[in-house]
Amino acid sequence: MLFNLAANFVHPVTPTFIVERNLDSSMFGVALAAMMVMNFSFSPFWGKLCSYLPVKTIILICAVGYAVGQGFFCMATTELAVIAGRMFAGIFTGGAFIALSNYVINITPDPTQRAERLTAQVTIQNVASAAGYFIGGMLGLISVEVTFIVQIIALAGCGVLFFFICEDDMPYKHKPNKPLSLKEANPFAAFATAKQFMTPMMALLFITIAVTSIGQNSFDQSFNYYIKDQFNLSSAYNGIFKALIAIVTLIANSTICVWLQRKTDTNRSFLPILLCCTVSLGAILFFDTLVPFVAVDVIFFAFNAVRLPLLQNMCAMRSNAENSNQVMGFYQAMNSMGGIFGALFAGLIYETNPLLPFILAFAAFAVGTSVAAVYVSKYRNEKKA
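None of the values given here were measured: they were computed from a predicted structure. (Residues numbered from 1 in each chain as written. Predicted model: local features only at pLDDT ≥ 70, side-chain atom pairs only at ≥ 80, totals over all residues. Heavy atoms only, no water.)

Trainee: Lay out the overall build of the chain with the relevant residues and their values.
Mentor: Looking only at helices and strands, the chain features 14 helices and zero strands. In the chain, the order of α-helices and β-strands from amino to carboxyl end is α-α-α-α-α-α-α-α-α-α-α-α-α-α. Taking 2.2 N^0.38 as the reference for a compact globule, 385 residues should give roughly 21 Å; the C-alpha atoms of the chain span a radius of gyration of 20 Å, in line with that estimate. If you take every contact in the chain between residues at least 6 apart in sequence, the share linking residues at least 24 apart comes to 86%. Summed over its atoms, the accessible surface of the chain is roughly 15400 Å², and 69% of this surface lies on carbon and sulfur atoms. Charge separation in the chain, taken as the distance between the mean sites of 22 positive and 18 negative side-chain charges, equals 12 Å. (Helix = DSSP H or I, 4+ residues; strand = E, 2+ residues; numbered from the N terminus. Rg over C-alpha atoms; globule rule 2.2 N^0.38 Å. Contact = heavy atoms within 4.5 Å. Areas by Shrake-Rupley, 256 points an atom, 1.4 Å probe, with all protein chains shown as cover. Lys, Arg positive; Asp, Glu negative; His and termini not counted. Charge placed at Lys NZ, Arg CZ, Asp CG, Glu CD.)

Below is the structure:
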(Lines give C-alpha, C1' and ligand atoms only; values in the text may rest on other atoms or scores of the structure.)
Protein backbone atom coordinates (compact mmCIF):
# COMPACT_ATOMS: atom_id res chain seq x y z
CA MET A 1 0.00 0.00 0.00
CA LEU A 2 2.77 2.43 0.95
CA PHE A 3 4.80 1.62 -2.18
CA ASN A 4 1.85 2.19 -4.52
CA LEU A 5 0.93 5.39 -2.70
CA ALA A 6 4.46 6.74 -3.10
CA ALA A 7 4.75 5.72 -6.75
CA ASN A 8 1.92 8.14 -7.60
CA PHE A 9 2.76 11.18 -5.48
CA VAL A 10 4.36 13.10 -8.36
CA HIS A 11 1.77 12.45 -11.09
CA PRO A 12 -0.69 15.21 -10.03
CA VAL A 13 2.09 17.81 -9.77
CA THR A 14 3.72 16.96 -13.10
CA PRO A 15 1.59 19.49 -15.05
CA THR A 16 2.61 22.18 -12.52
CA PHE A 17 6.24 21.02 -12.77
CA ILE A 18 6.09 21.45 -16.57
CA VAL A 19 4.54 24.93 -16.32
CA GLU A 20 6.85 26.20 -13.55
CA ARG A 21 10.00 25.17 -15.43
CA ASN A 22 8.75 26.49 -18.79
CA LEU A 23 8.95 23.10 -20.48
CA ASP A 24 7.11 22.17 -23.67
CA SER A 25 3.53 21.02 -22.98
CA SER A 26 4.14 17.78 -24.87
CA MET A 27 6.47 16.69 -22.04
CA PHE A 28 3.53 15.42 -19.95
CA GLY A 29 3.27 12.54 -22.41
CA VAL A 30 6.81 12.35 -23.80
CA ALA A 31 8.42 12.05 -20.32
CA LEU A 32 6.16 9.16 -19.32
CA ALA A 33 6.71 7.50 -22.69
CA ALA A 34 10.48 7.71 -22.12
CA MET A 35 10.07 5.94 -18.79
CA MET A 36 7.81 3.32 -20.35
CA VAL A 37 10.38 2.58 -23.09
CA MET A 38 12.86 1.48 -20.43
CA ASN A 39 10.11 -0.27 -18.45
CA PHE A 40 9.14 -2.21 -21.58
CA SER A 41 12.75 -3.04 -22.46
CA PHE A 42 13.73 -4.33 -19.04
CA SER A 43 10.51 -6.08 -17.95
CA PRO A 44 11.41 -9.49 -19.49
CA PHE A 45 14.86 -9.25 -17.91
CA TRP A 46 13.42 -8.62 -14.43
CA GLY A 47 10.96 -11.46 -14.98
CA LYS A 48 13.80 -13.84 -15.83
CA LEU A 49 15.90 -12.59 -12.92
CA CYS A 50 13.05 -13.48 -10.55
CA SER A 51 13.92 -17.14 -11.21
CA TYR A 52 17.49 -16.64 -10.01
CA LEU A 53 17.25 -14.27 -7.03
CA PRO A 54 14.91 -13.94 -4.04
CA VAL A 55 12.09 -11.63 -5.09
CA LYS A 56 12.56 -9.45 -1.99
CA THR A 57 16.11 -8.65 -3.16
CA ILE A 58 14.83 -7.55 -6.57
CA ILE A 59 12.17 -5.36 -4.96
CA LEU A 60 14.84 -3.66 -2.82
CA ILE A 61 17.06 -2.97 -5.85
CA CYS A 62 14.18 -1.67 -7.95
CA ALA A 63 12.61 0.51 -5.24
CA VAL A 64 15.92 2.24 -4.51
CA GLY A 65 16.67 2.61 -8.25
CA TYR A 66 13.22 4.09 -8.81
CA ALA A 67 13.83 6.59 -5.98
CA VAL A 68 17.18 7.66 -7.47
CA GLY A 69 15.55 8.14 -10.88
CA GLN A 70 12.89 10.39 -9.36
CA GLY A 71 15.68 12.42 -7.77
CA PHE A 72 17.15 13.02 -11.24
CA PHE A 73 13.66 13.95 -12.50
CA CYS A 74 13.21 16.48 -9.67
CA MET A 75 16.51 18.23 -10.45
CA ALA A 76 15.78 18.48 -14.19
CA THR A 77 15.42 21.95 -15.72
CA THR A 78 15.44 21.02 -19.42
CA GLU A 79 13.40 18.65 -21.59
CA LEU A 80 16.46 16.44 -22.17
CA ALA A 81 17.18 16.17 -18.42
CA VAL A 82 13.54 15.26 -17.72
CA ILE A 83 13.64 12.48 -20.32
CA ALA A 84 16.97 11.16 -18.96
CA GLY A 85 15.64 11.09 -15.39
CA ARG A 86 12.44 9.32 -16.39
CA MET A 87 14.36 6.76 -18.45
CA PHE A 88 16.60 5.92 -15.50
CA ALA A 89 13.56 5.44 -13.25
CA GLY A 90 11.90 3.34 -15.95
CA ILE A 91 14.65 0.71 -15.75
CA PHE A 92 13.49 -0.14 -12.23
CA THR A 93 9.74 0.57 -12.07
CA GLY A 94 8.71 -2.48 -14.09
CA GLY A 95 11.00 -4.70 -12.05
CA ALA A 96 9.32 -3.70 -8.80
CA PHE A 97 5.79 -4.51 -10.01
CA ILE A 98 6.89 -7.73 -11.74
CA ALA A 99 8.62 -8.88 -8.55
CA LEU A 100 5.54 -8.14 -6.44
CA SER A 101 3.29 -10.16 -8.76
CA ASN A 102 5.78 -13.02 -8.87
CA TYR A 103 6.01 -13.06 -5.09
CA VAL A 104 2.25 -13.63 -4.83
CA ILE A 105 2.35 -16.35 -7.51
CA ASN A 106 5.42 -18.11 -6.12
CA ILE A 107 4.18 -18.45 -2.54
CA THR A 108 0.61 -19.37 -3.55
CA PRO A 109 0.52 -22.73 -5.40
CA ASP A 110 -3.27 -23.15 -5.07
CA PRO A 111 -4.91 -21.62 -8.21
CA THR A 112 -8.08 -20.43 -6.43
CA GLN A 113 -6.20 -18.79 -3.58
CA ARG A 114 -3.71 -17.34 -6.06
CA ALA A 115 -6.50 -15.69 -8.06
CA GLU A 116 -7.90 -14.13 -4.88
CA ARG A 117 -4.48 -12.89 -3.78
CA LEU A 118 -3.69 -11.45 -7.20
CA THR A 119 -7.03 -9.64 -7.13
CA ALA A 120 -6.22 -8.31 -3.67
CA GLN A 121 -2.82 -7.17 -4.89
CA VAL A 122 -4.19 -5.37 -7.95
CA THR A 123 -6.96 -3.85 -5.82
CA ILE A 124 -4.36 -2.50 -3.39
CA GLN A 125 -2.34 -1.20 -6.35
CA ASN A 126 -5.30 0.59 -7.93
CA VAL A 127 -6.75 2.01 -4.72
CA ALA A 128 -3.37 3.10 -3.36
CA SER A 129 -2.39 4.58 -6.74
CA ALA A 130 -5.50 6.75 -6.76
CA ALA A 131 -5.02 7.69 -3.09
CA GLY A 132 -1.39 8.51 -3.91
CA TYR A 133 -2.65 11.05 -6.43
CA PHE A 134 -4.71 12.65 -3.68
CA ILE A 135 -1.80 12.85 -1.23
CA GLY A 136 0.53 14.08 -3.96
CA GLY A 137 -1.99 16.72 -4.99
CA MET A 138 -2.18 18.02 -1.42
CA LEU A 139 1.62 17.98 -1.05
CA GLY A 140 1.78 19.92 -4.32
CA LEU A 141 0.01 22.83 -2.62
CA ILE A 142 3.18 23.20 -0.52
CA SER A 143 5.57 22.84 -3.47
CA VAL A 144 6.51 20.49 -6.28
CA GLU A 145 9.89 19.87 -4.65
CA VAL A 146 8.36 18.77 -1.33
CA THR A 147 6.25 16.22 -3.21
CA PHE A 148 9.35 14.79 -4.88
CA ILE A 149 11.31 14.60 -1.60
CA VAL A 150 8.50 12.75 0.20
CA GLN A 151 8.18 10.33 -2.72
CA ILE A 152 11.91 9.57 -2.90
CA ILE A 153 12.14 8.84 0.84
CA ALA A 154 9.00 6.69 0.78
CA LEU A 155 10.06 4.61 -2.25
CA ALA A 156 13.50 3.81 -0.84
CA GLY A 157 12.03 3.11 2.60
CA CYS A 158 9.47 0.69 1.15
CA GLY A 159 12.25 -1.22 -0.61
CA VAL A 160 13.98 -1.78 2.73
CA LEU A 161 10.70 -2.79 4.40
CA PHE A 162 9.91 -5.34 1.67
CA PHE A 163 13.37 -6.87 2.05
CA PHE A 164 12.95 -7.48 5.76
CA ILE A 165 9.22 -8.36 5.79
CA CYS A 166 8.92 -10.71 2.79
CA GLU A 167 10.02 -14.31 3.12
CA ASP A 168 12.57 -15.94 0.83
CA ASP A 169 10.55 -17.35 -2.08
CA MET A 170 13.41 -19.43 -3.56
CA PRO A 171 12.13 -22.75 -2.07
CA TYR A 172 8.77 -22.24 -3.80
CA LYS A 173 9.89 -21.77 -7.39
CA HIS A 174 11.50 -23.71 -10.21
CA LYS A 175 15.27 -23.24 -10.23
CA PRO A 176 16.92 -22.87 -13.69
CA ASN A 177 19.49 -25.54 -14.55
CA LYS A 178 22.08 -23.02 -15.76
CA PRO A 179 23.22 -19.63 -14.44
CA LEU A 180 21.94 -16.39 -15.97
CA SER A 181 24.34 -15.48 -18.79
CA LEU A 182 25.20 -12.01 -20.08
CA LYS A 183 23.36 -12.85 -23.30
CA GLU A 184 20.18 -13.67 -21.39
CA ALA A 185 20.60 -10.50 -19.32
CA ASN A 186 20.25 -8.49 -22.55
CA PRO A 187 16.76 -6.98 -22.16
CA PHE A 188 15.98 -7.30 -25.87
CA ALA A 189 17.24 -10.89 -26.13
CA ALA A 190 14.95 -11.73 -23.22
CA PHE A 191 11.96 -11.21 -25.52
CA ALA A 192 13.10 -14.19 -27.57
CA THR A 193 12.27 -16.43 -24.61
CA ALA A 194 8.60 -15.55 -25.07
CA LYS A 195 8.40 -18.19 -27.81
CA GLN A 196 8.93 -20.81 -25.11
CA PHE A 197 5.54 -20.11 -23.55
CA MET A 198 3.62 -18.19 -26.23
CA THR A 199 0.48 -19.75 -27.69
CA PRO A 200 -2.13 -18.23 -30.06
CA MET A 201 -4.53 -17.73 -27.13
CA MET A 202 -1.86 -16.03 -24.99
CA ALA A 203 -0.92 -13.85 -27.97
CA LEU A 204 -4.52 -12.61 -28.20
CA LEU A 205 -4.46 -11.86 -24.46
CA PHE A 206 -1.22 -9.92 -24.71
CA ILE A 207 -2.48 -7.95 -27.74
CA THR A 208 -5.60 -7.03 -25.75
CA ILE A 209 -3.45 -5.97 -22.79
CA ALA A 210 -1.11 -3.83 -24.93
CA VAL A 211 -3.84 -2.08 -26.94
CA THR A 212 -6.04 -1.31 -23.93
CA SER A 213 -2.94 0.00 -22.12
CA ILE A 214 -2.54 2.49 -24.97
CA GLY A 215 -6.07 3.68 -24.30
CA GLN A 216 -5.71 3.83 -20.53
CA ASN A 217 -2.46 5.83 -20.63
CA SER A 218 -3.63 8.18 -23.35
CA PHE A 219 -6.77 8.96 -21.33
CA ASP A 220 -5.14 9.17 -17.90
CA GLN A 221 -2.20 11.38 -18.87
CA SER A 222 -4.37 13.70 -20.95
CA PHE A 223 -7.00 14.04 -18.22
CA ASN A 224 -4.36 15.14 -15.68
CA TYR A 225 -3.05 17.86 -18.00
CA TYR A 226 -6.48 18.73 -19.45
CA ILE A 227 -8.01 19.80 -16.14
CA LYS A 228 -4.98 22.02 -15.45
CA ASP A 229 -4.89 23.46 -18.97
CA GLN A 230 -8.60 23.79 -19.80
CA PHE A 231 -10.19 24.29 -16.36
CA ASN A 232 -7.17 25.87 -14.59
CA LEU A 233 -7.52 23.58 -11.57
CA SER A 234 -4.72 23.04 -9.05
CA SER A 235 -3.04 19.73 -8.28
CA ALA A 236 -5.38 19.39 -5.28
CA TYR A 237 -8.38 18.85 -7.57
CA ASN A 238 -6.47 16.23 -9.52
CA GLY A 239 -5.85 14.46 -6.22
CA ILE A 240 -9.48 14.74 -5.11
CA PHE A 241 -10.73 13.18 -8.34
CA LYS A 242 -8.31 10.31 -7.88
CA ALA A 243 -9.52 9.86 -4.30
CA LEU A 244 -13.04 9.35 -5.66
CA ILE A 245 -11.61 6.78 -8.06
CA ALA A 246 -9.89 5.03 -5.14
CA ILE A 247 -13.22 4.60 -3.33
CA VAL A 248 -15.04 3.39 -6.45
CA THR A 249 -12.14 1.06 -7.31
CA LEU A 250 -12.24 -0.55 -3.87
CA ILE A 251 -15.99 -1.13 -4.14
CA ALA A 252 -15.79 -2.47 -7.72
CA ASN A 253 -12.92 -4.87 -7.05
CA SER A 254 -14.34 -6.18 -3.78
CA THR A 255 -17.76 -6.83 -5.31
CA ILE A 256 -17.89 -7.09 -9.13
CA CYS A 257 -14.40 -8.52 -9.63
CA VAL A 258 -14.65 -11.06 -6.79
CA TRP A 259 -18.10 -12.18 -7.98
CA LEU A 260 -16.87 -12.60 -11.58
CA GLN A 261 -13.91 -14.72 -10.44
CA ARG A 262 -15.95 -16.92 -8.12
CA LYS A 263 -19.18 -17.30 -10.09
CA THR A 264 -18.23 -16.99 -13.76
CA ASP A 265 -15.68 -18.16 -16.29
CA THR A 266 -13.51 -15.03 -16.53
CA ASN A 267 -12.25 -16.13 -19.96
CA ARG A 268 -15.70 -15.08 -21.14
CA SER A 269 -16.98 -12.60 -18.56
CA PHE A 270 -14.04 -10.19 -18.99
CA LEU A 271 -15.44 -9.17 -22.40
CA PRO A 272 -18.46 -7.20 -21.04
CA ILE A 273 -16.09 -5.35 -18.69
CA LEU A 274 -13.96 -4.29 -21.66
CA LEU A 275 -17.10 -3.20 -23.50
CA CYS A 276 -18.15 -1.02 -20.54
CA CYS A 277 -14.69 0.62 -20.55
CA THR A 278 -15.08 1.37 -24.26
CA VAL A 279 -18.58 2.81 -23.91
CA SER A 280 -17.58 5.09 -21.02
CA LEU A 281 -14.60 6.44 -23.01
CA GLY A 282 -16.90 7.09 -25.95
CA ALA A 283 -19.30 9.00 -23.70
CA ILE A 284 -16.60 11.46 -22.56
CA LEU A 285 -16.29 12.77 -26.12
CA PHE A 286 -19.76 14.33 -25.81
CA PHE A 287 -18.96 16.48 -22.75
CA ASP A 288 -16.90 19.66 -22.41
CA THR A 289 -17.93 20.76 -18.90
CA LEU A 290 -16.18 19.72 -15.71
CA VAL A 291 -18.81 17.74 -13.76
CA PRO A 292 -19.84 15.21 -16.46
CA PHE A 293 -16.21 15.02 -17.60
CA VAL A 294 -15.09 13.95 -14.12
CA ALA A 295 -18.09 11.63 -13.67
CA VAL A 296 -17.21 9.68 -16.81
CA ASP A 297 -13.57 9.58 -15.67
CA VAL A 298 -14.61 7.88 -12.41
CA ILE A 299 -16.94 5.43 -14.20
CA PHE A 300 -14.22 4.42 -16.67
CA PHE A 301 -11.67 3.74 -13.95
CA ALA A 302 -14.20 1.69 -11.98
CA PHE A 303 -14.54 -0.75 -14.89
CA ASN A 304 -10.83 -0.50 -15.68
CA ALA A 305 -10.03 -1.52 -12.10
CA VAL A 306 -11.94 -4.76 -12.69
CA ARG A 307 -10.31 -5.31 -16.09
CA LEU A 308 -6.74 -5.33 -14.76
CA PRO A 309 -6.88 -8.21 -12.24
CA LEU A 310 -9.02 -10.31 -14.60
CA LEU A 311 -6.47 -10.08 -17.42
CA GLN A 312 -3.51 -10.58 -15.10
CA ASN A 313 -5.04 -13.71 -13.59
CA MET A 314 -5.96 -15.05 -17.05
CA CYS A 315 -2.26 -14.79 -17.99
CA ALA A 316 -1.28 -16.52 -14.74
CA MET A 317 -3.77 -19.34 -15.39
CA ARG A 318 -2.12 -20.06 -18.76
CA SER A 319 1.37 -20.24 -17.20
CA ASN A 320 3.03 -22.97 -15.18
CA ALA A 321 5.63 -23.24 -12.40
CA GLU A 322 8.51 -23.15 -14.88
CA ASN A 323 7.49 -20.09 -16.90
CA SER A 324 5.25 -18.02 -14.57
CA ASN A 325 8.06 -15.51 -13.84
CA GLN A 326 8.66 -14.93 -17.56
CA VAL A 327 4.93 -14.69 -18.27
CA MET A 328 4.49 -11.99 -15.61
CA GLY A 329 7.52 -10.18 -17.02
CA PHE A 330 5.98 -10.24 -20.49
CA TYR A 331 2.62 -9.14 -19.05
CA GLN A 332 4.32 -6.07 -17.54
CA ALA A 333 6.16 -5.48 -20.82
CA MET A 334 2.89 -5.39 -22.78
CA ASN A 335 1.42 -2.91 -20.30
CA SER A 336 4.55 -0.79 -20.65
CA MET A 337 4.53 -0.98 -24.46
CA GLY A 338 0.95 0.27 -24.45
CA GLY A 339 2.00 3.00 -22.06
CA ILE A 340 4.77 4.10 -24.41
CA PHE A 341 2.47 4.71 -27.35
CA GLY A 342 -0.46 5.96 -25.27
CA ALA A 343 1.54 8.58 -23.38
CA LEU A 344 3.70 9.59 -26.36
CA PHE A 345 0.86 10.05 -28.81
CA ALA A 346 -1.26 11.83 -26.20
CA GLY A 347 1.52 14.34 -25.58
CA LEU A 348 2.25 14.92 -29.26
CA ILE A 349 -1.34 15.31 -30.50
CA TYR A 350 -2.71 17.31 -27.55
CA GLU A 351 -1.64 20.69 -28.95
CA THR A 352 -3.40 19.98 -32.26
CA ASN A 353 -6.68 19.36 -30.45
CA PRO A 354 -7.07 18.67 -26.69
CA LEU A 355 -9.75 16.06 -27.44
CA LEU A 356 -7.58 13.97 -29.77
CA PRO A 357 -5.96 11.93 -26.94
CA PHE A 358 -9.45 11.01 -25.70
CA ILE A 359 -10.46 9.92 -29.19
CA LEU A 360 -7.28 7.79 -29.31
CA ALA A 361 -8.21 6.22 -25.96
CA PHE A 362 -11.69 5.31 -27.20
CA ALA A 363 -10.33 3.87 -30.47
CA ALA A 364 -7.72 1.79 -28.62
CA PHE A 365 -10.31 0.23 -26.32
CA ALA A 366 -12.60 -0.42 -29.28
CA VAL A 367 -9.78 -2.36 -30.99
CA GLY A 368 -8.91 -4.14 -27.73
CA THR A 369 -12.52 -5.19 -27.24
CA SER A 370 -12.63 -6.56 -30.79
CA VAL A 371 -9.48 -8.66 -30.17
CA ALA A 372 -11.00 -9.86 -26.89
CA ALA A 373 -14.12 -10.96 -28.76
CA VAL A 374 -11.92 -13.10 -31.02
CA TYR A 375 -10.28 -14.59 -27.90
CA VAL A 376 -13.68 -15.49 -26.40
CA SER A 377 -14.79 -17.07 -29.68
CA LYS A 378 -11.66 -19.21 -29.87
CA TYR A 379 -11.94 -20.07 -26.16
CA ARG A 380 -15.44 -21.47 -26.74
CA ASN A 381 -14.06 -23.68 -29.50
CA GLU A 382 -11.18 -24.66 -27.21
CA LYS A 383 -13.63 -25.76 -24.50
CA LYS A 384 -15.69 -27.77 -26.98
CA ALA A 385 -12.58 -29.60 -28.18
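Trainee: With reference to specific residues and values, describe the packing of aromatic side chains.
Mentor: On inspection of all chains with the given rule, the structure shows 30 aromatic pairs. By way of ring pairs, the aromatic residues Phe219, Phe223, Tyr226, Phe231, Phe241, Phe293, Phe300, Phe301, Phe358 and Phe365 are connected into one cluster. (Phe/Tyr/Trp six-rings, centres within 6.5 Å; stacked < 30°, edge-to-face > 60°.)

Trainee: Run through unusual backbone geometry, naming residues and quoting values.
Mentor: Positive phi is not limited to glycine here, since Asn22 has a value of about 55°. One can find Asn22 in the loop between α2 (14-20) and α3 (27-49). With relative accessibility at 68%, the residue Asn22 sits in the exposed group. (Buried < 20%, exposed > 50% of the residue type's maximum accessible area, 1.4 Å probe, protein only.)

Trainee: Could you give an account of the side chain of Thr119, naming the residues involved and the relevant values?
Mentor: The residue Thr119 is located in helix α6 (residues 111-140) in this model. A polar side-chain atom of Thr119 sits 2.9 Å from the main-chain carbonyl oxygen of Ala115. Setting aside anything within four residues of it in sequence, one finds Thr119 in contact with Asn253, Cys257, Gln261 and Pro309. (Polar contact = N/O pair within 3.5 Å; in protein donor to acceptor, adjacent residues only side chain to side chain.)

Trainee: Requested: an account of the nonpolar core, with residues and values cited.
Mentor: By size, the foremost hydrophobic cluster in this structure holds 81 residues, and its most contacted members are Val82, Phe206, Phe219, Phe270, Cys315, Met334 and Tyr375. Setting aside residues no more than four positions away along its own chain, Cys315 makes contact with Met202, Leu205, Phe206, Ile209, Val327, Met328 and Tyr331. Counting 31 residues, the second-largest nonpolar core is a separate cluster that includes Val55, Ile58, Ala99 and Tyr103. (Core = buried A, V, L, I, M, F, W, Y, C linked by side-chain atoms within 4.5 Å.)

Trainee: Quick one: what's the story with the packing of helix α13 (residues 324-349) against helix α14 (residues 356-384), residue by residue and with numbers?
Mentor: Describing two packed helices takes the angle between their axes plus the distance from one axis to the other. Put simply, α13 and α14 touch, their axes get as near as 8 Å, and they point 150° apart. One way to sum up the angle between α13 and α14 is to call them roughly antiparallel. Between α13 and α14, the contacting residues are Phe345, Ala346 and Ile349 on the first element and Leu356, Pro357 and Leu360 on the second. Tallied by class, residues from the contact of α13 with α14 come to six nonpolar, no polar and no charged. (Axes fitted to C-alpha atoms, helices over the stretch in contact; angles between N-to-C directions. Parallel < 35°, antiparallel > 145°, perpendicular 65-115°, else oblique. Nonpolar A, V, L, I, M, F, W, Y, C, P; charged D, E, K, R; others polar.)

Trainee: Help me get a handle on the packing of helix α9 (residues 200-229) against α13, residues and values and all.
Mentor: Direction vectors running N to C along α9 and α13 enclose 40°, while the axes themselves pass 7 Å from each other. Considered as vectors, α9 and α13 are oriented oblique to each other. Classified by chirality, the crossing of α13 by α9 is right-handed. Residue-level contacts link Met202, Phe206, Ile209, Ala210, Ser213, Ile214, Asn217, Ser218, Gln221 and Ser222 of α9 to Val327, Phe330, Tyr331, Met334, Asn335, Met337, Gly338, Gly339, Phe341, Gly342, Ala343 and Ala346 of α13. Classifying every residue of the contact of α9 with α13 gives 13 nonpolar, nine polar and no charged. (Left-handed = near helix turned anticlockwise from the far one by under 90°.)

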